[in-house]
Amino acid sequence: MKGACLNFENPIEDAVSRIRFAPQSNNLLISSWDSNLRLYDVDSSLLRLEAPAPSQAALLDCCFQSESVAFTAASDGSITRYDLHSGTIDAIGNHQDMATCVGYSIETCQVISAGLDKKVMSWDMRLANPLALFRNLGAEIDSISISGFDLMVAVGAAVNIYDLRNYERAVDLKEPSMDVGISCVASVPYTRGYAIGLIDGRVALEISNPLNSNSTGYTFRCHPTTKDGTAHLVSVNDIVFNPLIGGTFVTGDNEGYVTAWDAKSKRRLHEFPRYPNSVASLSYNHVGQLLAVVSSYTYQEANEREVPVPPQIFIQKMEDSYVGFSSEVSNGECINNGACSKLQNAGEKVQSILFWFFHSVAAMSDEEHHFESKADAGASKTYPQQAGTIRKNGYIVIKNRPCKVVEVSTSKTGKHGHAKCHFVGIDIFNGKKLEDIVPSSHNCDVPHVTRTDYQLIDISEDGFVSLLTENGNTKDDLRLPTDDSLLTQIKDGFGEGKDLVVTVMSSMGEEQIGALKDIGPK
């Protein structure tokens, strides 16, 4: 079952960007590209509030401060506070470009926002006139998550963790461990850790043990293959952890699939019937009994609105089998006291979750076919990446050829994110110049490019080279490069009896010597 669909007297007219359940009730906050913030009472099936943004800009994110106060981030860069009882709206501050994320820290009373101006900004709401503090991270930010005093910021293919009490520098700066961009980041409850959703359909978890310096990380692919056996490369748009059941979470992807996972047993618990559109956002209520699912186009694909499907919000009652319990319940029955009876108080809950993470995770195996190690995660020739995140000196596929980006320009962003990116690329194998124009919010194919060093041991008369591999075998299937300068350096150095190390570039099934890495006398 897909759950009950919320009914609106006036339908939501544009994509839903975010939903958030309230801290202590079943009121659901909804932000949308139609510039309206809505508050829906799920228990009573009533729309409590519909408030247009003052600037009529698209709302890209929202969050609660309390049951009566909420914040939004908008496409014009504005951060706005809403009094949900009186309807009063106040401007908090502005980014210099689209504000993509907003969150609130209960511990520090700070509103945190981030955006395409590459800044993380914060405001202390205890002050009558809060001053904006900011940090420039040097890259566009698409996702943040707050847990306790920790702020997780997804930047490109890495996650930086900051202490909100003093975030002048990252307390945990992770080098990019993935070869693709991050679409969402979600904090692991009650411990320092996070899960990230990648644009190629993988999920990665990184968990730090507060008792020692050890950490645990692993990666799995939500859908290992499609029906024809090829890799399922679909962006994971959102991840949410159950607030009461340690180690269980759900993912939602761009093809409309929502899946519940048990990381302890490293298995899929349940896959819900496919939703009619992309899953744009997910949210658990405060006791983990209800899961709200947004089925909406997300402006990621060029053909999303060729056959428009209006945005819909579904409320799914979570059964025992969806969250990892083995007890029997009737179809559609909501967990009322089941979760709470298993975790009697907050102390037991934290202890249970920490025990799960740092005793059972280490013993996990890779027996389930849909889980894989990080080393095996990039087997396909290409992966999708949002056009607006591809930079100069990066890679892109243009006209089915792997290219290095030598120039990229972007037109002004409109309300619906239809800015265009103009790419100029150079084919990495034949040096030809290729160009393409893509909407910045759409996905492009990006090639996997690898470089391997080999010692040159011989050059044949017909132009083939013999290379020494690390295991002592020879590689004899490559010709000399076509680049005149590199060809001359290799021939001259080999003729002079020097030791030569060449770098072989591989991508999309092709290989070619691309550089002379080292020349030394024998």
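Quick caveat, the model's predicted, so the values are computed rather than measured.

Enquirer: Honestly, the overall build of the protein in this entry has me stumped. Any pointers?
Expert: On a plain count of helices and strands, the protein comes out with 4 helices and 40 strands. For the protein, the proportion of its 522 residues judged to be buried stands at 53%. Sequence-distant contacts in the protein: of pairs separated by 6 or more residues, those separated by 24 or more amount to 48%.

Enquirer: How should the nonpolar core be read in this particular structure?
Expert: Soluble globular proteins: nonpolar side chains tend toward being buried together. Counting residues in hydrophobic clusters, the biggest one holds 30 residues, and the most contacted among them are Tyr194, Ile196, Ile390, Ile396, Phe423 and Cys444. Sequence-distant contacts of Ile390, defined by excluding residues within four places in its chain, comprise Gln385, Tyr395, Ile396, Val405, Val408, Phe423, Cys444 and Val446.

Enquirer: Teacher, can you tell me more about the sheet that holds strand β26 (residues 279–284) here?
Expert: Reading across from one edge, β1-β28-β27-β26 is the order of the 4 strands in this open sheet, with antiparallel pairing throughout. The open sheet has two edge strands with one neighbour each: β1 (4–5) and β26. Relative to strand β28 (residues 312–317), strand β27 (residues 290–295) is paired through 6 bridges, and the arrangement is antiparallel. By the bridge assignment for β28, Val294 is matched with Ile313.

Enquirer: What is the right way to read the sheet that holds strand β25 (residues 267–271) from this model?
Expert: The strands that make up a sheet pair up through hydrogen bonds in the backbone, lying either parallel or antiparallel. Strand order across the open sheet formed by 4 strands is β22-β23-β24-β25, with antiparallel pairing between neighbours. Two strands bound the open sheet, and with one partner strand each, they are β22 (236–241) and β25. Mean inter-strand twist for the sheet, computed between neighbouring axes without regard to direction, equals 25 degrees. Both β22 and strand β23 (residues 248–253) contribute to a ladder of 5 bridges, which runs antiparallel. Bridge pairing links Ile239 to Thr251 in β23.

Enquirer: I would appreciate a short explanation of the pattern of salt bridges in the present structure.
Expert: Here the idea is simple: oppositely charged side chains can pair when their charged atoms come close. One pass over the structure, following the stated rule, counts 17 salt bridges. Linking Arg38 and Glu50 is a salt bridge whose minimum nitrogen-to-oxygen distance equals 3.5 Å. With a gap of 12 residues between them, Arg38 in strand β4 (residues 36–41) and Glu50 in strand β5 (residues 46–52) connect regions that are remote in the sequence. By relative accessible area, Glu50 is classed as partly exposed at 32%. Ionic contacts of the salt-bridge type, sharing partners, join the residues Arg18, Arg20, Asp61 and Asp238 into one network.

Enquirer: It is not clear to me how helix α4 (residues 484–495) should be interpreted in this structure. Could you clarify?
Expert: Think of an α-helix as turning once every 3.6 residues; residues three or four places apart then point the same way. Between its terminal C-alpha atoms α4 stretches 16 Å, which fits the 16 Å expected from 12 residues at 1.5 Å a residue. If you check which residues of α4 are buried, you get Leu486, Ile490 and Gly493. For α4, the angular spread of buried residues about the axis comes to 75 degrees, placing them on one side. The exposed set on the far side of α4, more than 90 degrees from its buried face, consists of Asp484 and Gly495.

Enquirer: Teacher, can you tell me more about the pairing of β25 here?
Expert: Along a regular strand, successive side chains alternate from one face of the sheet to the other. As paired elements, strand β24 (residues 258–262) and β25 share 4 bridges and run antiparallel to each other. In the sheet register, Trp261 faces β25, and the bridge partner there is Arg268. Counting the residues between successive antiparallel strands, the hairpin from β24 to β25 contains 4 residues, one of them, Lys266, with a positive phi of roughly 55 degrees.

Enquirer: Even after reading the chapter, I still don't get the packing of aromatic side chains, so can you show me in this structure?
Expert: Any aromatic ring pair is given by two values, namely how distant the centres are and how the planes are angled relative to each other. Under the criterion given, the structure shown has 6 aromatic pairs. With 6.2 Å between their ring centres and 15 degrees between their planes, Phe71 and Tyr104 make a pair best called stacked. Of the two residues, Phe71 sits in strand β7 (residues 69–74) while Tyr104 sits in strand β10 (residues 99–105), which places them 33 residues apart along the sequence. Each member of the pair, Phe71 as well as Tyr104, is classed as buried. Judged by centre distance (6.3 Å) and plane angle (45 degrees), the rings of Phe220 and Phe249 are tilted. Placement of Phe220 in strand β21 (residues 215–221) and of Phe249 in strand β23 is noted, with a sequence separation of 29 residues between them. Given the relative accessible area of 0%, Phe220 is considered buried. What links up through ring pairs into an aromatic cluster is the set Phe220, Phe241, Phe249 and Trp261.

Cut-offs applied
- Residues numbered from 1 in each chain as written.
- Predicted model: local features only at pLDDT ≥ 70, side-chain atom pairs only at ≥ 80, totals over all residues.
- Heavy atoms only, no water.
- Helix = DSSP H or I, 4+ residues; strand = E, 2+ residues; numbered from the N terminus.
- Buried < 20%, exposed > 50% of the residue type's maximum accessible area, 1.4 Å probe, protein only.
- Contact = heavy atoms within 4.5 Å.
- Core = buried A, V, L, I, M, F, W, Y, C linked by side-chain atoms within 4.5 Å.
- Pairing = 2+ DSSP bridges.
- Axes fitted to C-alpha atoms, helices over the stretch in contact; angles between N-to-C directions.
- Salt bridge = Lys/Arg side-chain N within 4 Å of Asp/Glu carboxyl O.
- Expected span 1.5 Å × (residues − 1).
- Arc of directions from axis to C-beta.
- Phe/Tyr/Trp six-rings, centres within 6.5 Å; stacked < 30°, edge-to-face > 60°.

Worth remembering: the numbers are spatial, not functional.
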